[in-house]
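Working through the structure, step by step
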Amino acid sequence: MTNKDNQHRQTDFGFKKVAEEDKARQVREVFDSVAPKYDLMNDVLSFGMHRLWKRYAVYKADVDRGMKVLDLAAGTCDLSLQFAPRVGRDGEVWATDINRAMLTLGAQRMRSAGFDSPVVQCDCEKLPFADDTFHVVMVSFGLRNMTHKDVALREMCRVCRPGGKVLVLEFSKVNRLLAPLYDFYSFRLMPWLGGLISGDSDSYRYLPESIRVHPGQAELAEMMRQAGMTDVKWHNLTFGVCALHIGRKPLND
Ligand SMILES: C[S@@+](CC[C@H](N)C(=O)[O-])C[C@H]1O[C@@H](n2cnc3c(N)ncnc32)[C@H](O)[C@@H]1O
């Protein structure tokens, strides 16, 4: 593949096709814009459900004292805040995100809660960590925004220790009986509420579109296997509105 071919490759940005090299910038603009009201909007748009989904994911991550945990695309650090007391003083939680505005808010929340966890601005597709570093690697509601999800999943597997867990919490394919209601909510109410509360209906139009073009449960599980994980399973949450995928990095022979 030449550089020229690369420049002309297209990817999804919601329902639009954009040049691959433009997607990260457009995603950054979305999160720069939504950052100040991000936590409020999460509560409003999910009716508080995102708190339960995240709590369930942290429970399934099953972290123990002394473990090293990586929270990718951590945003405002909801997960890191739950992991930090579980790993205790002997453990480590690293919060990372590509977006400075989101991560600045996350770092402030971690400090206010009394945790001095390291916070690193980096792209999940190029992680600045050595192979086999973390017992648990997790991303919540971040993967669908990434340009090369396969590359990000390989990176997650690479930095996970053999036998360690990789978890992906993400919006998924909802049960088809709920689909008409969910579509009405997503494409009509969500952008309207986003505009009303945050003054940015475009970002809340991107949100449901990015969910619809994201791989469904079985496809994501296959992508995780292709990225090197084994024992991949998923748990549907709220009828598949989102799903928690869990895989393991195989033990060395
Ligand atoms: C919907 S927020 C999720 C934040 C948090 N994990 C949560 O569950 O509330 C998505 C986050 O993914 C981040 N992100 C998007 N692309 C990324 C990439 N390539 N590498 C790292 N973070 C990325 C965005 O900056 C944003 O903070």
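Right above here is the structure, for reference.
Now for a look at the structure at hand. Just so it is clear, the model here is predicted, and its values are computed rather than measured.

Cut-offs and rules
- Residues numbered from 1 in each chain as written.
- Predicted model: local features only at pLDDT ≥ 70, side-chain atom pairs only at ≥ 80, totals over all residues.
- Heavy atoms only, no water.
- Helix = DSSP H or I, 4+ residues; strand = E, 2+ residues; numbered from the N terminus.
- Rg over C-alpha atoms; globule rule 2.2 N^0.38 Å.
- Buried < 20%, exposed > 50% of the residue type's maximum accessible area, 1.4 Å probe, protein only.
- Contact = heavy atoms within 4.5 Å.
- Core = buried A, V, L, I, M, F, W, Y, C linked by side-chain atoms within 4.5 Å.
- Near = heavy atom within 4 Å.
- Polar contact = N/O pair within 3.5 Å; in protein donor to acceptor, adjacent residues only side chain to side chain.
- Areas by Shrake-Rupley, 256 points an atom, 1.4 Å probe, with all protein chains shown as cover.
- Nonpolar A, V, L, I, M, F, W, Y, C, P; charged D, E, K, R; others polar.

When helices and strands are tallied, the chain shows 10 helices and nine strands. Over its C-alpha atoms the chain spans a radius of gyration of 18 Å, differing by no more than 12% from the 18 Å that the globule rule assigns to 253 residues. Considering only C-alpha atoms, the chain reaches an extent of 50 × 45 × 35 Å along its principal axes. The buried share among the 253 residues of the chain stands at 51%. A separation threshold of at least 6 residues defines the contact pool for the chain, and within that pool the share at least 24 residues apart is 69%.

Take the nonpolar core next. In terms of nonpolar packing, the biggest core is built from 48 residues, with Phe83, Leu169 and Phe171 touching the most fellow members. At five residues, helix H5 (residues 78–87) tops the list of elements feeding residues into this core. Setting aside residues no more than four positions away along its own chain, Leu169 makes contact with Trp53, Lys54, Ala57, Met138, Val139, Ser140, Phe141, Leu237, Cys242, Ala243 and Leu244. Core analysis: the second largest hydrophobic core is formed by 26 residues, Val120, Val137, Met146 and Met224 among them.

Further remarks concern the site of the ligand. The immediate surroundings of the ligand are formed by 20 residues, with Tyr38, Ala73, Asp97, Asp123 and Ser140 found nearest. The contact in question runs from a nitrogen atom of the ligand to an N or O atom on the side chain of Asp123, over 2.9 Å. Here the ligand loses 96% of its free accessible area of 600 Å² to cover by the protein chains. The set of elements that each furnish at least two residues to the shell around the ligand consists of helix H2 (20–34) and helix H3 (38–45). For the shell around the ligand, the per-class residue count stands at 11 nonpolar, six polar and three charged.

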